[in-house]
Structures are given as structure tokens and as C-alpha cells.
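# Structure assessment
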Amino acid sequence: MMTPFDAAQAASRVMQRCDALAQISETPGQLTRVYLSPQHLQANALVAGWMQQAGMRTWQDAVGNIFGRYEGIEAGGQALLLGSHLDTVRDAGRYDGMLGVLAAIEVVDGLNRANLRGRQAIEIVGFADEEGTRFNIALLGSRGLTGSWPQAWLACEDAQGISVAQALEQAGLDAAQIATAQRPVGDFSAYLELHIEQGPVLEDADLALGVVTAINGARRLSCRFTGEAGHAGTVPMRHRRDALTAAAEWIQIIEQATIEAGPEMVTTVGTLQCEPGAVNVIPGAVGLTLDIRSPHDDKREALLNHLLDEATRIARQRRLEFRHDIFYTIAATPCDMPLREELADAVHTVQGKVLSLPSGAGHDAIAIAERWPSAMLFVRCYKGISHHPAESVACSDVAQALRALSLAVGRLIHAA
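These notes cover the structure that comes with them. (Residues numbered from 1 in each chain as written. Predicted model: local features only at pLDDT ≥ 70, side-chain atom pairs only at ≥ 80, totals over all residues. Heavy atoms only, no water.)

### Regarding the overall build of the protein
A count of helices and strands for the protein gives 11 helices and 16 strands. Dimensions of the protein, computed from C-alpha atoms along their principal axes, come out at roughly 85 × 50 × 40 Å. Across the 416 residues in the protein, those meeting the buried criterion constitute 54%. In the protein, of all internal contacts separated by at least 6 residues, the share reaching a separation of at least 24 is 78%. (Helix = DSSP H or I, 4+ residues; strand = E, 2+ residues; numbered from the N terminus. Buried < 20%, exposed > 50% of the residue type's maximum accessible area, 1.4 Å probe, protein only. Contact = heavy atoms within 4.5 Å.)

### Observations concerning the state of the cysteines
By the definition in use, this model includes zero disulfides. Cysteine C274 remains unbridged, with the sulfur of C223 as its closest cysteine sulfur at 14 Å. As a non-bridged cysteine, C381 has C18 as the owner of its nearest cysteine sulfur, 13 Å distant. (Disulfide = S-S within 2.5 Å.)

### Remarks on the environment of L194
When you line up the elements, L194 lands in strand β5 (residues 188-196). Residues L194 and M98 lie 96 residues apart in sequence; the distance between their C-alpha atoms is 9.5 Å. Beyond its immediate sequence surroundings of up to four residues, L194 is in contact with G83, S84, L99, G100, A103, L377, V379, A401 and L405.

### Here's the deal with the layout of surface pockets
Here the largest pocket defines a volume of roughly 920 Å³. What lines the largest pocket is a set of 36 residues, among which R293, G360, A361, G362 and H363 lie closest to the centre. Every element with two or more residues in the lining of the largest pocket is listed here: β7 (217-226), β13 (321-330) and β15 (356-359). The element best represented in the lining of the largest pocket is β15, accounting for four residues. Partitioned by chemical class, the residues of the lining of the largest pocket number 16 nonpolar, 12 polar and eight charged. (1 Å grid on protein atoms, 1.4 Å probe; cavity = no way out; pocket = protein on both sides within 12 Å on 5 of 7 lines; lining within 4 Å. Points joined across faces, edges and corners; volume = space filled by probe spheres on them. Nonpolar A, V, L, I, M, F, W, Y, C, P; charged D, E, K, R; others polar.)

### What to know about the environment of E203
Along the chain, E203 falls in helix α6 (residues 201-204). Judged by relative accessible area, E203 falls into the partly exposed class, the value being 30%. Leave out the neighbours within four places in its chain, and E203 touches E197, R380, C381, Y382 and K383.

So yeah, pure geometry; function would need other evidence.
Structural data, given as C-alpha cells:
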């Protein structure tokens, strides 16, 4: 069921509200809004006002998430949860996170203007911290909702030495009440998140919308080739134990093997340090990092094992030592298939074609999917640019997204 609103007009309002939220920043001329800052609380208040205009009851929970609820035919029943996050990275774009919250408000506003209610209620959440910019802890808001906040998080400090517990107090919240942010499983039937793609796939396909298959799982490794430093002019080539040439050979293998593994697999060697790092010294040791991601954990592990075997082979052939340490792991988060199909039907109705794609970036849906069926709708963004002031979406694409989201939401709340 399509909510009877003017999608173009609603999209224009979403764009204007994204602009308004972008003005709430701790850094003049840039968009930076971090967890529990005065700007975070100011954004919550502004979004709460828009929720109320759309006919919603609003509140802020114990970890700083802002909520709005639009009741169903019978008050107090189960709800469909919609939303995204309101925090940003430093010097951010204005659509990452915010677009999903504001689009959800427009869907509810369309229902409210038509005086329509479903068998289920709708709740919208503006998550307090997805990015982890302030405390280097991601998904603080959504993990409050799921009740998966480690107690140790309270002691984590920001760059000014302020702990999470102190920041909660400064924001008028109570660390002792964090557990009250957890919602019972029965409160929600499902979660839908609309988000900019943050990549170029939709733009390359000339499509406004895509349905997410899964959020990539990842491993991050610190790796090291150790050989022997030596004089750049006196050690013959056949006698060298050059750690950098070994690393270079491995990096080429990483790239080629990843391409051969398929388009959904990505690897990145993001840092490289040569020791001793002098122009006239053969590198005796090289440290490098490897980030490997895929929507399929088994395929990611198979590629990773192959790459580590290759690194060991290269080291052996060159009379070097290779070591690695896995310092970060997160499993892939598959999107719920029935919800994916619901979104795909809606996207096909408004766009005529459905493109399914994985998400290479993390989202609040990672945490929410641990407790509720979850799915995501991607919106094309200019050149795939994100986490940057040049982040941009077209108003016409937002209108398409609103049509599709409205269709899916209408079907879900009336089918309950």
C-alpha cells in the first residue's frame, strides 16, 4: 500500500532538513557531530520536533537515542522499526545516517496526513552513535537498544580524557540506567534502514535504488616480513633478503587473487612501513596491514587462508620470515530474506529493475540483526563519495527511495 503523499515534495523536505541538521556542528564550516556532545543533543531535539509534527510521540532513551512512535490501530502493539544514525565522522557529509532517519519521518508523515494506521505501530530511531568518532567504539546507540553494551565501555575516554560515563552525566543521562535502553524482542517485528550506498555500484548501473544482500564481514591483520638489512651498494642482488620486494610480490598476489575471487570480495593493504627506511639501505623488515571483507564469511576465510599460504611461500623462497596477527574480526550480517524480497518488490514497482548488492561499510543493522529481522535499502550517491563534504544525493533519487520505502512499510504494517 502506497502512502498517499507527494514523494517529490517529501523528498524536497528531506533535503532541506538534511541541510538544517548539517548546520548543527562543533566545527564551523565543517560537519562534525559526535556522541553526547551538545550538538548531538541539539540534533535530537530538532529531529524530535519533526517527529512530533508527523504525529509521533517522542522520547530519548538512556544511551541518547531519539525515538518517535506512531501508533497502530490498537495502541501499545508491536512496531516496525525504521531509522539510522544522527552522528557523523569529522568533516562529514550531510546524508550518511541522517537521510535514513528523515526519510522514515516522511513515510510516517504521509500516513498521518491521510489519517491511516496499520495493524502494527511504527517506531523511528535516530541512533546516537554509529560511527564511533568520539570514543572509538562503534554502534553505541544500536547496542544500547539490543542490550549488548559491555560494562567496560563506560571507562573508555575521548581525546580530552572524558570517559563515556562522564559524558553521559554531562548530557543529563545516568550510566546506571543504561540497561533500561534495551528493548524486549517482542517490541519490534523487523527493522528497515535506508542509507546512501557509499559506493559507486548504483551510479555505474544508472539506478537510484538497490537492495542490500548482506553487510560485509571483515578481518584486519598486522603482517610482517623480516629479512636482513644491508648496504644498498655492496650486497649483490642474489644475496639479498629484501623484505620490501617480498611484500611487493605479495601485494600483487593479493590484488589478483581478490579479483579472481569475485566482485563481492575486497582486500586493502592500507599501511606499509619499511625498516630502517633509508634510501641507501636494503629494507630489513616491512610491516603492513591487510583488510579483507566479504558478505560471505566462508569465502572470505578461504581467500585469506590462500593469501597467508602465499605469504609464507614467498618468505620461504626469499629466505625471510613472515608473521601475521589478526586484530579485528566481525562476521558478515546477512539481511533477512523475506524483508529483502519485500524491499525488492517495492523497488521493482517504482524503478522497474532491482539490483542487489552487499554493503562494504558497517551500519547499525549489524547490531539490530542480532535480535530482529533486518534489511537495508541503498540510495545512489554521487561517485560513491561518503564521509566527506562532497557527499551528495539527488532529490529525484530520494523521491524514488521514499516511494519504495513507503510501499514496503505500508505492506509490512498492514500485513501483521
